[in-house]
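# Per-entry structural report
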Amino acid sequence: MGNRKDEHMSRHKSRIDKDNPLNSRMYWILFVFFILVSGLVYFFLRQLFGEQVGFFSPGWFQFPVVLQLILLLGIYFGLDTLRLFYILKTLEVDIDFWYVFYLALINIFISNVTPFATGGGFVQLYLLHKKGVPLGKATAATSIRTLLAVLFFFLMIPIIVWKQGDLLRMHMKIDFRFFFFIIFFFYFLIGLLCYFIIYQPHGVKKTWYVIMQRLQKRKWISEEKAKKMSRSFFRELEQFSKGMRLFLYGNKKYIVLSFVTTLLFLVSLFSFSILLTGGMGYNIPLSSIIRTEILVTFITYFAITPGAAGIAEGSYVYLYGKYIAKNDLAVLAFGWRFFTIYIGVILGAICFYREMIGRLFIRKK
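To keep things clear, this report deals only with the structure shown in the data block. (Residues numbered from 1 in each chain as written. Predicted model: local features only at pLDDT ≥ 70, side-chain atom pairs only at ≥ 80, totals over all residues. Heavy atoms only, no water.)

Looking now at the overall build of the protein chain. Scanning the protein chain from terminus to terminus reveals 14 helices and zero strands. Each helix and strand of the protein chain, placed in order from N terminus to C terminus, yields the pattern α-α-α-α-α-α-α-α-α-α-α-α-α-α. Sorting the 365 residues of the protein chain into buried and exposed places 46% on the buried side. Nonlocal contacts in the protein chain, meaning residues at least 24 apart in sequence, comprise 77% of its contacts between residues at least 6 apart. By element, 68% of the accessible surface of the protein chain is carried by carbon and sulfur atoms, the whole surface being about 20300 Å². (Helix = DSSP H or I, 4+ residues; strand = E, 2+ residues; numbered from the N terminus. Buried < 20%, exposed > 50% of the residue type's maximum accessible area, 1.4 Å probe, protein only. Contact = heavy atoms within 4.5 Å. Areas by Shrake-Rupley, 256 points an atom, 1.4 Å probe, with all protein chains shown as cover.)

Once that is clear, we can look at the environment of V37. You can see V37 is positioned in helix 2 (residues 26-49). In this structure the C-alpha to C-alpha distance between V37 and G307, which are 270 residues apart in sequence, comes to 9.9 Å.

This part is about the packing of helix 11 (residues 252-279) against helix 12 (residues 286-301). In the contact formed by helix 11 and helix 12, the axes pass within 9 Å of each other and the chain directions differ by 130°. If you check the angle between helix 11 and helix 12, you find them oblique. Handedness of the crossing formed by helix 11 with helix 12: right-handed. In contact with L269, F270, S273, I274 and T277 of helix 11, helix 12 contributes L286, I289, I290, E293, I294 and T297. Residues of the contact of helix 11 with helix 12, tallied by class, amount to seven nonpolar, three polar and one charged. (Axes fitted to C-alpha atoms, helices over the stretch in contact; angles between N-to-C directions. Parallel < 35°, antiparallel > 145°, perpendicular 65-115°, else oblique. Left-handed = near helix turned anticlockwise from the far one by under 90°. Nonpolar A, V, L, I, M, F, W, Y, C, P; charged D, E, K, R; others polar.)

The end-to-end C-alpha distance of helix 11, which contains 28 residues, comes to 40 Å, matching closely the 40 Å that a straight helix rising 1.5 Å per residue would cover. Helix geometry: helix 11 is bent most strongly at F270, by close to 25°. At the N-terminal end of helix 11, a side-chain oxygen is found 2.9 Å from the backbone nitrogen of K253, two or three residues along, and the residue is N251. Immediately downstream of helix 11, the backbone of G281 shows phi near 95°, a positive value. (Expected span 1.5 Å × (residues − 1). Bend = angle between axes of the 7 residues up to and from the residue. Polar contact = N/O pair within 3.5 Å; in protein donor to acceptor, adjacent residues only side chain to side chain.)

A few words on the packing of helix 3 (residues 63-90) against helix 11. Think of two packed helices as two axes; the pair is described by the angle between the axes and how far apart they sit. In contact at an axis separation of 8 Å, helix 3 and helix 11 are set at 160° when each is read in the N-to-C sense. Between helix 3 and helix 11, the angle falls in the class roughly antiparallel. In the crossing of helix 3 with helix 11, the sense of the turn from one axis to the other is left-handed. Residues belonging to the contact of helix 3 with helix 11 are distributed by class as follows: 19 nonpolar, eight polar and three charged.

Okay, a nonpolar patch on the surface next. On the surface, a cluster of nonpolar side chains totalling about 1100 Å² of accessible area is made up of F181, I182, F185, F188, L189, L192, Y195, F196, Y199, L248 and Y249. The greatest single-element share of the nonpolar patch, amounting to nine residues, is contributed by helix 8 (residues 176-199). Position of F185 among the secondary structure elements: in helix 8. (Patch = residues over 30% accessible without salt bridge, like charges linked within 9 Å, V, L, I, M, F, W, Y side chains within 5 Å. Salt bridge = Lys/Arg side-chain N within 4 Å of Asp/Glu carboxyl O.)

Dropping the structure here:
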């Protein structure tokens, strides 16, 4: 029994080592692409609004504003670390806080240079596993971290639409009764799927097997490819299911702290726009900023471009256009991205480079 378990762990380890994300130069190519796209977007916004000022508003250099932005930045990074830290605690993983902080910065870098923010979780998974965290728990931790934030947006979007539907109408007529029926039906299906994945994974496996069989009969996929995909899917499904059950039945204190720190993290993210607009002399109602921030962040979660570059700035400018003068929009958009994304990406790139060079040095020795 012990030998079989060792063999199983050895296969997982060899798979992780084979797919070592620290060996990929693609992240650096995407980093350059991210910088170029971000620069072009800001140049386009300046041309569009005919702005002649610099990158930052003079109001942001007032001592109280500078101090508040620095403190908020520290809180923002700290809460981003704590939400993963407490999820790991719930999964009974004892790991140093500062190493999780290190991982959080690397995640900001990788997530913002890969389409759909797909790479950050895998790099964190790799580094956690190298630190001795079991693969199943590491997979669950990185997945739950994202799911908790997404859950917040899925709960809030219908409320925002109900309270202020004009933000999503975009000059189109929408039957909101039908809209809410579709939304809640979609949520019901998602909830049902999550239930089966967590508590009835064997039923999901059977469904997957039937789908693969039909695809083979239609000659859309080969038998070898179907077996390979099934093995990979079953392995990830089992790990995720076990990890989710461990989280849901874990220490209640850490479960609550996971939710609370996720919520506070999002509040800190939204607060940058409050300070930036206030520093520019605007007095926008707090409720309007929060609604706008939720919509912008929700949109960026599903953007295909690296770091949502272009889509993030475009949606931000569009939604804040009703509150901010045109000649201030480009500067505000840059300031928002600078504090919420660019600083984290730069720090994360340094940490990632240090990790990559460190692994390379160890391997050569």
